[in-house]
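# What the coordinates show
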Amino acid sequence: VTVAAIVPAAGRGERLGPGQPKALRTLDGVPMLVYAVQALARARLVELVVVAAPLTGVAEVEALLASHDIGAPVLVVAGGEHRQDSVARALEALPPEVDVVLVHDAARPLAPSELVDAVASAVLAGHGAVVPGLAMTDTVKRVALSNTGPNTGPDDDEQAPEQVLETVPRSDLRCIQTPQGFDRAVLTKAHAAAEDTATDDAGLVERLGLPVVVVAGSADAFKITRPIDLLIAEAVLRERRGSGAR
Ligand code: CTP
Ligand code: MG
């Protein structure tokens, strides 16, 4: 059995603010894509990493990764318009011998290699689709979406108060991370059947009515979305260095 990991890295990172595409933004001077690819490549079970690069930057990303110690072979393809297109392109580039596929966001650079192996192991143990998840910590409320309220355009920071409908019990809710792991045939079928976009790959598998299981996620696998997440990530790196971990 051959395990490969796909890294969608073609997003612009609009919520992070102006600058480089998010995957190329740095943590302590090193682009987060490098951390994400290293975390996958250093996992015991991963034999190949395929990166879906920002549309214009395949050669740039190849050069970047060649200049770092990665630890596994890496293939770079051009990403697509949406995350799902980027994953689909990387899937097409997988060599025939690959039969387990992990999909991991470049935007989750600090996911531990142990988490990568745990997800891959669960697929190898026979689960067709595996996602890491964490219990929620905030209280969750459902609100009335209003289109009668004040018109809040994308540049408008003022949001009208929203009416609360209910508090949602959260004991059976999970916040889902990556890496997500799949039997290759399951993921390929799910992508081929996709009519519109899902927010994650497992969502496409669910649409086929196929089972998806949740394994324990990791706090370190958080997604870098907003500027404060860069500060948190650099603090985690400082803590790791201080404790002698890599
Ligand atoms: N992604 C991708 N191709 C796209 C859009 C997103 O490969 N067309 C990737 C991103 O690079 C990221 C992951 O999907 O690693 C998760 O997406 P997200 O966190 O939304 O990143 P961005 O789309 O870059 O950020 P934003 O939505 O704030 O612009
Ligand atoms: Mg996005």
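These remarks concern the structure in this document. (Residues numbered from 1 in each chain as written. Chains lettered and ligands numbered in written order. Predicted model: local features only at pLDDT ≥ 70, side-chain atom pairs only at ≥ 80, totals over all residues. Heavy atoms only, no water.)

### Considering the packing of helix 1 (residues 32-41) against helix 2 (residues 58-66)
Formally: Note on method: axes are straight lines fitted to C-alpha atoms, helices fitted across the in-contact stretch only, with angles between N-to-C directions ranging 0 to 180 degrees. Each helix is a run of H or I in the DSSP string that is no shorter than four residues. Each strand is a run of E no shorter than two, and both are numbered from the N terminus. Crossing handedness: left-handed means the near helix sits turned counterclockwise from the far one by under a right angle, and right-handed means the same turn made clockwise. The contact criterion used throughout is that any non-hydrogen atoms of two residues lie within 4.5 Å. Three classes are used, and their members are as follows: Ala, Val, Leu, Ile, Met, Phe, Trp, Tyr, Cys and Pro are nonpolar, Asp, Glu, Lys and Arg are charged, and the others, Gly among them, are polar.
Their axes nearest at 10 Å, the elements helix 1 and helix 2 cross at an angle of 65°. Crossing hand, helix 1 versus helix 2: right-handed. From helix 1, Leu-33, Val-34 and Val-37 reach across to helix 2, where they touch Val-61, Leu-64 and Leu-65. Residue classes in the contact of helix 1 with helix 2 are distributed as 6 nonpolar, no polar and no charged.

### So, the environment of Ala-194
Positionally, Ala-194 belongs in the loop between helix 5 (184-193) and helix 6 (201-207). Taking the C-alpha atoms as reference points, Ala-194 and Arg-207, separated by 13 residues in sequence, lie 8.4 Å from one another. Setting aside its immediate chain neighbours within four residues, Ala-194 contacts Gln-84 and Leu-204.

### As for the nonpolar core
Here is the rule we go by: We define a nonpolar core as any set of buried Ala, Val, Leu, Ile, Met, Phe, Trp, Tyr and Cys residues linked to one another through side-chain atoms lying within 4.5 Å. Here the term buried applies to any residue with accessible area under 20% of the maximum for its type, exposed to any over 50%, and partly exposed to those in between, with areas from a 1.4 Å probe on protein chains only.
Counting 35 residues, the largest nonpolar core has Val-7, Leu-33 and Val-51 as the members making the most contacts within it. By residue number, the principal contributor to this core is helix 4 (residues 113-124), which donates 6 residues. Discounting residues that sit within four places of it in the chain, Val-7 has contacts with Leu-33, Val-37, Leu-40, Val-49, Val-50, Val-51, Ala-52, His-104, Asp-105 and Ala-106. Val-50, Val-87, Val-186 and Leu-204 belong to the second largest nonpolar core, which has 23 residues in total.

### Some thoughts on the pattern of salt bridges
Pairs can form between side chains of opposite charge once their charged atoms are near each other. What counts, and what does not: Salt bridge criterion: a side-chain nitrogen from Lys or Arg within 4 Å of a carboxyl oxygen from Asp or Glu.
Under the counting rule described, the total for this entry stands at 8 salt bridges. A salt bridge links Glu-14 to Arg-12; its shortest N-O distance comes to 2.9 Å. Arg-12 matches Glu-14 in its accessibility class, with the two residues each being exposed. Across the pair Asp-105 and Arg-83 runs a salt bridge, and its minimum N-O distance is 2.9 Å. Residue Asp-105 is found in the loop between strand 6 (98-103) and helix 4, and its partner Arg-83 is found in helix 3 (residues 83-92); the two are separated by 22 residues along the sequence. The exposure class of Arg-83 is partly exposed, given its relative accessible area of 27%. Among the charged side chains, a salt-bridge network with shared partners connects Arg-83, Asp-105, Arg-108 and Asp-201.

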